[in-house]
Amino acid sequence: MKYELVSGFETHIELSTKTKIFCGCTTQFGGEPNTHCCPVCIGLPGTLPVLNKEVVRFAIKAGLAVHGKIAEVAKMDRKNYCYPDLAKAYQISQLYAPLIIGGYIELSNGRKIRLHHIHIEEDAGKLIHRHGDTYVDYNRGGVPLIEIVSEPDIRSIDEAKEYVERLQQVMRWVGISDCKMQEGSMRCDVNISVRPEGTEAFGTRTEIKNMNSITNIARAMEYEYERQVDLIESGGKVVQETLRFDDVTGTTSSMRSKEDAHDYRYFRDPDLVTINIPREEVEQLKAEMPELPADKFERYVDDYEIPEKDAALLTKYRRISEYFDEAIDGVKSPKTVSNFIIGQMFRRLETEADKEVFDVAVSPAQLNELVKLLDSGKIRNNLAKSTLEKMLDSGKGALEFISESDMGGIDENALLELCKAAVEGNPKAVEDYKSGKAKAIKALVGNVMKNSRGKADAMAAEAKIAELINNM
Amino acid sequence: MGLINDIHQKLINKEISCTELTKSYLEEIEKSNDALNAYVCVTGDEALKTAEAVDKKLASGEELGLLEGVPMALKDNMSTNGISTTCCSKILTGYKPIFDATVWEILKSQNAVMLGKTNMDEFAMGSSCETSYFGGAMNPFDINHVAGGSSGGAASAVGGNIAAYGLGSDTGGSIRQPASFCGVVGLKPTYGAVSRYGLIAYASSLDQIGPITKSVEDASIVFDAIAKPDKRDSTCLGAKGGETYPKLNNDIKGMKIGIAREYLDGVRDDVKEAVLDAAKVYESMGAQIVYFDLPILKFALPVYYIIACAEASSNLGRYDGIRYGFKAERYTGTHDMICRTRSEGFGEEVKRRILLGTYVLSAGYYDAYYKKATDLRGTIIKAFNDAFERCDVILAPTVPMTAFEKGHATSDPIETYLTDICTVPVNIAGLPGVSIPCGFNAKGMPIGMQLIGKSFDEATILNAAYKYQQAAPEKFTDTKWGVKL
């Protein structure tokens, strides 16, 4: 029997607000242990949380980025559990009235992964085990998080990977988080179950906690899918439990069973007042939102006839698309701009991080100028290419490298003279061509191009040379 | 005039220096604290330092604020920078906060002379002060009786004249009940009038700081000083009703004073009689007495114990021995350390309420208990709003009886819970309530009555209280203890 994978994600994303969610401490990553702390975020007796309004704004932006509904009234709840990295023995979170309801992430196959809700909460500190002792670092305690809870709509590992990538892309795009999985600013809990293909009822699910890379998510899901299928095939039953993934062995193992599941005893946090979100504020934030990557992608493909593969590259990071948008201003073919970016510019940006920052020496205006020279026929493609290389090396504009005499084509007579000279000066090539080696004509065209300093039209030159030889 | 005004006059008229005054209070604490057990920590050096500063100001002819140089005390659940703050629990022994509670920050900036931290039931859980890790505070009217709780130390200190005033906290009656037992004035402000920042939480949606004083004027002065909005407490709005002091002596002719019959159910005869006598005093001043029913009150006690315990079970989770306070000496691992620390560090009453609170929030019980209690809380608030359509203030006994004898409260916790019946409704509804003395029982122990007001209408209840104090000064008697000015 064939089994279908069913999966839903709970994704934690650290918001990049300057200060923590309930106090004025910095959210900066790292730092000497317990130096980014104050009485509030280490939960000293008598301290009270005060909600950072910026966190609410960031979460609303996240909600708008995934087409969620922004609640008019939201509340904070306490999630009670005892662990040394949680200074108050409760995490301030949202259960009963979260900030964002619904929303979705659309995948490239057209499927929409629905979101249940997005809520805001505080992060916990970190335990450090050293020399057989355990230490607590509360620097991360109180850093604002959003938790994005999806419906169980994911049906394959590829969809899971794309879901995470899309979330990462759009959250970075709207500037609310750097979503660095390796630094823990984005972490996923993966719920997974299997069911016989073609059936409706969900199987029993397991939850793999704290996944910190897309590669590991795929590995863990693959392992867990196989394990569940094997279990069912051999007559066993999947047990609802929480699992951890061991990235050395590539296997999952049990953290706690359903019976040991925490009872978080959620209740409204009496220290915090109701959050009212006026519609004007939502409208204002909506107006400030950048065009979203999915919309840009569609525009590039539909309006500029850019191939989907290229449009995806242009919209992977916001800076690239903004660069592109600026550089295409008034050009005949945006595709030419796209080709320059994805070809010559990307070649110089080796890592994804480089591409995200997109720090190139050539400004969008400079690229725009170069492409307009090409558009007007003043220069030809190979000159444009070599000029762009020089521009990328130096940061100087196109006109620094192209002289007056380089510009403009050459007239019919001049072309004829150059072609004649090429034919007369290269008898060997002419002989080869005559004897049937069609490629030999390229050498003759090359000669014309060289002597015209790239200004000649290669197609026209080839036609003229063929004519000359045939008439010999 | 009141004691605070009295002291202020003596200071500015140079009848006594602040240092002399402070020393006399410290000497009296030395003499009487063994018997009263009102203080769990005396801060003589700091007090004298402040007194010296006040004397310097006086010497240089600078003007003095009303609270400047007046010796006072803070309940031991209010954070004081560098000064032991234990909530009278073993689990916080050795804990010295690194910041000041907002109320203390305000008073400190006005050169209040803090004599020390006062005794209380452990984490403010109790009605007799006897759950204190340091033993209970005793009643200055008779030291075989308790001072009440949980702010027993503050009431004992003020009643025993070893502090001019004290700050207490009131979650279910913890200011008003000991004030009633010790024959002094205790004001529980509207929820949100005074900042809770730095007050070590028992039940966050009910806790409120307020003054315990010798007179209504004093309560008014201290309330006006501390009821300020605070950016560090989102639930704090300050005194929305404005200052109370200028309105103390307003005419109460035509004021409607309501009596809800349910408040008199199960109340001891001598207490009921004293309260009804007070109603007559009001009538004689031209106020109108209105009787009505408030049947919802019978749910107040269970609602209180569910909500308070639920919040407490969460608030007290942080005491794990890792960062501050007591830590068990022997343990095998982190989990064991936390278990042992909490088992050894908390007293019986605190453990009982943590267990109760954990239970009512648990999966499967939340709806039956906690949810139902919060729903009923809404109904109680509405019932009070309706009642205030008919009257301006509500008059009720503070406690159905007078101070318990030593050891009585701890023998039967349920019976003791029942004695909170008259005080808890005010906390549930977030209203202001002031307890003032209104008589004595046959053994000479004080009886208290409370005036309950509309939200943020401290001015009206203090006005009514002041008028009673003017009309019946004999109820405000002194004890043999402490400083005699």
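Residues numbered from 1 in each chain as written. Chains lettered and ligands numbered in written order. Predicted model: local features only at pLDDT ≥ 70, side-chain atom pairs only at ≥ 80, totals over all residues.

Q: How would you explain the overall build of chain A if you had to name every residue and give the values?
A: The number of helices and strands found in chain A is 15 helices and 17 strands. Reported as C-alpha extents along the three principal axes, the dimensions of chain A are approximately 95 × 55 × 50 Å. For chain A, long-range pairs separated by at least 24 residues make up 68% of all intrachain contacts whose partners lie at least 6 apart in sequence. (Helix = DSSP H or I, 4+ residues; strand = E, 2+ residues; numbered from the N terminus. Contact = placed C-beta atoms within 7 Å.)

Q: Could you give me a rundown of the pairing of strand β10 (residues 133–137) of chain A, with the residues and numbers involved?
A: All names here are of chain A. Pairing of strand β9 (residues 126–130) with β10 involves five bridges; the strand directions are antiparallel. Each bridged residue has a counterpart across the sheet, and for Lys 126 the counterpart in β10 is Asp 137. Linking β9 back to β10 in an antiparallel pair, the connection comprises two residues, with His 131 at a positive phi of about 50°. (Pairing = 2+ DSSP bridges.)

Q: An account of the domain arrangement of chain A is needed here, citing residue identities and associated values.
A: For chain A, the domain assignment lists domain 1 (3–283), domain 2 (291–406) and domain 3 (412–470). Each of domain 1 of chain A and domain 3 of chain A was reduced to a C-alpha centroid, and the two centroids are 67 Å apart. (Domains from an automatic or database assignment.)

Q: Outline the interface of chain B and chain A, supporting the account with residue identities and numerical values.
A: With 32 residues of chain B at the contact, the number on the chain A side is 26 residues. Contributing elements (two or more residues each) for the side of chain B that touches chain A: α9 (300–315), α10 (334–345) and α11 (348–361) of chain B. Ranked by residues supplied to the side of chain B that touches chain A, first place goes to α9(B) with three residues. For the side of chain B that touches chain A, the class distribution of residues is 13 nonpolar, eleven polar and eight charged. (Nonpolar A, V, L, I, M, F, W, Y, C, P; charged D, E, K, R; others polar.)

Q: I'd like a description of helix α10 (residues 364–375) of chain A, backed by residues and values.
A: All names here are of chain A. The end-to-end C-alpha separation of α10 is 16 Å, in line with the 16 Å expected for twelve residues at 1.5 Å each. Three or more residues of α10 are buried, namely Gln 366, Leu 367, Leu 370, Val 371 and Leu 374. Within α10, the buried residues cover an arc of 135° as seen down the axis, which keeps them to one side. Elements in contact with the buried residues of α10: α7 (318–327), α8 (334–347) and α11 (381–394). Note on α10: the residue one or two positions beyond its end, Gly 377, has a positive phi of about 80°. (Expected span 1.5 Å × (residues − 1). Buried ≥ 20, exposed ≤ 12 C-beta atoms within 10 Å, placed from the backbone. Arc of directions from axis to C-beta.)

Q: Describe in detail the nonpolar core, supporting the description with residues and values.
A: In terms of nonpolar packing, the biggest core is built from 229 residues, with Ala59(A), Ala62(A), Met72(B), Leu115(B), Ile306(B) and Ala465(B) touching the most fellow members. The element contributing the most residues to this core is α9(B), with eleven residues. The residues touching Ile306(B), leaving out its near neighbours within four places in the chain, are Val360(B), Tyr369(B), Tyr370(B) and Ala373(B). Among the nonpolar cores identified, the runner-up in size contains 26 residues, and Ile341(A), Leu370(A), Leu383(A) and Met391(A) belong to it. (Core = buried A, V, L, I, M, F, W, Y, C linked by C-beta atoms within 7 Å.)

Q: Outline the sheet that holds strand β13 (residues 446–452) of chain B, listing residues and values.
A: Residues and elements named next belong to chain B. Strand order in the open sheet formed by eleven strands is β1-β3-β2-β6-β8-β7-β12-β13-β11-β9-β10, and the pairing between neighbours is mixed. Because the sheet does not close on itself, it has two edges, and the strands there are β1 (39–42) and β10 (288–292). Recorded for the sheet is a direction-independent mean angle of 30° between the axes of neighbouring strands. Of the strands in this sheet, β1, β2 (71–75) and β3 (113–118) touch helix α3 (residues 44–59), which is tilted by about 160° from β3. (Axes fitted to C-alpha atoms, helices over the stretch in contact; angles between N-to-C directions.)

Q: Now, about the sheet that holds strand β16 (residues 267–268) of chain A: what can you tell me, with residues and values included?
A: Residues and elements named next belong to chain A. Read from one edge to the other, the open sheet built from three strands follows the order β5-β4-β16, with strand pairing classed as antiparallel. Taken across any chain shown, the strands that pair with only one partner, and hence form the sheet edges, are β5 (90–93) and β16. Pairing analysis gives four bridges linking strand β4 (residues 77–80) to β5, with the strands arranged antiparallel. Within β5, the position partnered with Asp 77 by the bridge is Ser 93.

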